Amino acid sequence: MLSLLFKNFIRSKGTKIGLLFLLCIGFISLLIGKQFQDKQEKSIQEATIYQKEHIARNAAFHKDEIGLLLYYIKFSLVNNTFPINSLAIGQRDVNPSIQNVTIRGLEGQKYDTELNNPNNLLSGNIDFSFVLVYLFPLLIIAFSYNVISEEKESGTWKIVATQSQNTFKYILQLFYVRILSLIALFTVLLFTAVLFLNIPLDQSFFVFFGIGILYILFWFVVCFFIVSLQMHSNVNAVSLLTIWLFLIIIVPAGINAFIVNKYKIPEALELTITQRNAYHEKWDTDKNETMEKFYKHYPQFRTYKLDEKAEFTWLWYYAMQQMGDDESAVQSKELETKLEQRNRTSELIAQFIPTLHTQIQLNEIAKSDLHNQLLFLKKTTQFHEKLRLHFYPKIFKNEAVDQQKWENYKVETFKDATEISFLKAFMPLLLFIFVLIGFGWRNFNRLAA
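Residues numbered from 1 in each chain as written. Predicted model: local features only at pLDDT ≥ 70, side-chain atom pairs only at ≥ 80, totals over all residues. Heavy atoms only, no water.

Draft legend 1. Local environment of the UniProt feature "transmembrane region" (unreviewed entry) in the protein. Residues annotated by UniProt as "transmembrane region" (unreviewed entry) correspond here to residues 128-148, 175-199, 205-227, 239-259 and 422-441. A helix fraction of 81% and a strand fraction of 0% characterise residues 128-148, whose end C-alpha atoms lie 32 Å from each other. With 100% helix and 0% strand, residues 239-259 has its two end C-alpha atoms placed 28 Å apart. (UniProt positions renumbered as here; feature names shortened; annotations may be inferred. Helix = DSSP H or I, 4+ residues; strand = E, 2+ residues; numbered from the N terminus.)

Draft legend 2. Local environment of a nonpolar patch on the surface. On the surface, a nonpolar cluster with roughly 340 Å² of combined accessible area is contributed by Leu-2, Phe-6, Tyr-176 and Leu-180. For the nonpolar patch, the secondary-structure elements that each account for two or more residues are helix 1 (2-11) and helix 9 (167-196). Along the polypeptide, Leu-180 turns up in helix 9. For Leu-180, a relative accessible area of 41% gives the class partly exposed. (Patch = residues over 30% accessible without salt bridge, like charges linked within 9 Å, V, L, I, M, F, W, Y side chains within 5 Å. Areas by Shrake-Rupley, 256 points an atom, 1.4 Å probe, with all protein chains shown as cover. Salt bridge = Lys/Arg side-chain N within 4 Å of Asp/Glu carboxyl O. Buried < 20%, exposed > 50% of the residue type's maximum accessible area, 1.4 Å probe, protein only.)

Draft legend 3. Structural detail: the pairing of strand 1 (residues 75-79). Most of strand 1 is tucked away: five of the five residues are buried. As paired strands, strand 1 and strand 2 (residues 98-101) are joined by four bridges and run antiparallel to one another. Paired with Leu-77 across the bridge in strand 2 is Gln-99. (Pairing = 2+ DSSP bridges.)

Draft legend 4. Structural detail: helix 10 (residues 203-228). With 26 residues, helix 10 ought to run about 38 Å at 1.5 Å a step, and its terminal C-alpha atoms sit 37 Å apart, in line with that. Within helix 10, 21 of the 26 residues are buried, which leaves it mostly tucked inside the rest of the structure. Trailing helix 10 by a residue or two, Gln-230 shows a phi angle of about 55°, which is positive. (Expected span 1.5 Å × (residues − 1).)

Draft legend 5. Representation of unusual backbone geometry in the model. For Asn-198, which is not a glycine, the phi torsion comes out positive at approximately 55°. Relative to the helices and strands, Asn-198 is located in the loop between helix 9 and helix 10. One non-glycine residue, Gln-230, lies in the positive phi region at around 55°. Here Gln-230 lies in the loop between helix 10 and helix 11 (233-262).

Draft legend 6. Summary view of the pattern of salt bridges. For the structure shown, the criterion picks out 13 salt bridges. Salt-bridge contacts for Glu-334 lead to Lys-338; the nearest nitrogen and oxygen are separated by 3.8 Å. Within this pair, Glu-334 and its partner Lys-338 are both found in helix 15 (residues 329-350), separated by four residues, close to a single helical turn. On the accessibility criterion, Glu-334 (35% relative accessible area) is partly exposed. Across the salt bridge formed by Lys-394 and Glu-399, the nearest N and O atoms sit 3.6 Å from each other.

Draft legend 7. Spatial organisation of helix 17 (residues 370-396). Look at helix 17: 38 Å from first C-alpha to last across 27 residues, which is about the 39 Å you get at 1.5 Å a residue. Immediately beyond the C-terminal end of helix 17, within one or two residues, lies Asn-398, with a positive phi of roughly 50°.

Draft legend 8. Looking closely at the sheet that holds strand 3 (residues 412-414). What the three strands build is an open sheet, ordered 2-1-3; its pairing is mixed. With one partner strand each, in any of the chains shown, strand 2 and strand 3 form the two edges of the open sheet. Put simply, the sheet's adjacent strands are angled 25° from each other on average, direction ignored. Where strand 1 meets strand 3, three bridges bridge the pair, whose relative direction is parallel. By the bridge assignment for strand 3, Leu-77 is matched with Glu-412. Strand contacts of helix 2 (residues 13-61): strand 1 and strand 2, with the helix running at about 165° to strand 1, the strand carrying the most contacts. Against the sheet, helix 17 makes contact with strand 1, strand 2 and strand 3, and its axis sits at roughly 155° relative to strand 1, the strand it touches most. (Axes fitted to C-alpha atoms, helices over the stretch in contact; angles between N-to-C directions. Contact = heavy atoms within 4.5 Å.)

Draft legend 9. Seen up close, the environment of Pro-428. Examined against the element boundaries, Pro-428 turns out to sit in helix 18 (residues 422-448). Since its relative accessible area comes to 9%, Pro-428 is described here as buried. Pro-428 sits 70 residues away from Thr-358 along the chain, and the two C-alpha atoms are 9.4 Å apart.

Draft legend 10. Representation of the nonpolar core within the structure. Counting residues in hydrophobic clusters, the biggest one holds 76 residues, and the most contacted among them are Leu-87, Phe-136, Phe-175, Leu-182, Phe-208 and Trp-219. Looking at this core, the elements that each hand over two or more residues are helix 1, helix 2, helix 6 (128-144), helix 9, helix 10, helix 11, helix 16 (354-365) and helix 18. For this core, the element with the most residues is helix 10, which contributes 17 residues. Contacts of Leu-182, omitting those with residues within four sequence positions, involve Leu-19, Leu-22, Phe-136, Leu-139, Ile-140, Phe-143, Ile-216 and Phe-220. Formed by 37 residues, the second largest nonpolar core is a distinct cluster that contains Leu-306, Ala-319, Phe-383 and Tyr-409. (Core = buried A, V, L, I, M, F, W, Y, C linked by side-chain atoms within 4.5 Å.)

Draft legend 11. Quick peek at the side chain of Asn-363. With respect to the secondary-structure elements, Asn-363 resides in helix 16. Once residues lying within four places of it in the same chain are set aside, the contact partners of Asn-363 are Ala-88, Gly-90, Ser-368 and Asp-369.

Draft legend 12. Up close: the packing of aromatic side chains. Tallied over the entire structure, the rule returns 43 aromatic pairs. Here Phe-294 and Tyr-392 contribute two aromatic rings whose centre-to-centre distance is 5.8 Å and whose plane-to-plane angle is 65°, an arrangement assigned as edge-to-face. Of this pair, Phe-294 sits in helix 13 (residues 287-297) while Tyr-392 is found in helix 17, placing the two residues 98 residues apart along the sequence. The exposure class of Phe-294 is buried, given its relative accessible area of 0%. Measuring from centroid to centroid gives 6.1 Å for Tyr-318 and Tyr-392, while their planes differ by 55°, and the two rings are tilted. Placement of the pair is Tyr-318 in helix 14 (residues 314-327) and Tyr-392 in helix 17, with a sequence separation of 74 residues. There is no split in this pair, since Tyr-318 and Tyr-392 are both buried. Taking NZ or CZ as reference, Arg-104 lies 4.1 Å from the ring centre of Tyr-71, over its face. (Phe/Tyr/Trp six-rings, centres within 6.5 Å; stacked < 30°, edge-to-face > 60°. Lys NZ or Arg CZ within 6 Å of the ring centre and 35° of its normal.)

Here is the structure:
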């Protein structure tokens, strides 16, 4: 019986067209992932070459003052891109994966980003996670909305019911062949990605695979529940498409609007302006006042005294730069806190919205979520502080440029070591699956009685 059901299902022209369409879209998403991966690798290679040439060129040109040299030199920090990131690009298409900073004021540099085509940002990337979250459910709905109702409407259901010893088992078999087909398609696409994108078969990959399977099962049990109500095919189709629209578009948009209004953040531009204004104001204030604030921040540098006779010194200049960051620290901390609150709130709410939960978890596994970006920004702050503490003494003592080993300053890499929580990843989807199966089973039994 099962093999016959599978043959009848797979022979359908609609089934073949649907599976072929999704397969093609899936391959396109892998090509987009490959383009993203190549772009990231190229950017990192170019940053490595650029930093080496950039430092050497400036060191050769600014030989006399190390303070002037370090005004221009940029140092790069890379947010490590894992191969699986090609499947769920997430925040990486709008936030930079490379931070290039000088030892001057940080806040004016931290939120610099690449120039992108606004139309591309608006439409987003059709990566594999998009295909899974948005398109797989549509095909599942198309395959399942009329599982029983079509036979009832054509008058063949009574024959099936009399010939089958267990009609509920027959219904489960109808769903089984459809589930098997979609999971097989998902598996083919994902293991093609392993070969095409060089994704390692590690814990992240198998958790990604597991979430994908559970997400597909979730949509099948949604169809199972709607079918269990035994309504007309048209009603089933409209109901399922309404659920898809509600879970995929309306609810996420509503949640986003709620979070944005609840946790209003200061604009990065406003923060940059505050930092720059604080710095520029120091040109017109007493130098000793600026230096006292600087010594309060860095008491270890109090031994370096300001030359009162000199109109300009690098000690005073970099003290001004530091004060710009210090006086915008409140806004900076507020921005960081509000972004963390947005991230925590969205993760909490998403546990009750399977579609949103799946998207967030896929991005989290791929290290392309907001949490990863916040960690990268924190690492950028630490990286910048390390550079300052390293170079400030050299500047204040005016060490010779040619005595520095500039070739030792390499591009540094940040690796997100956040561990994957299996409970957090799988439990919400499993709960929804079991609850909907329970309600569907109850409906079938009640209608059968």
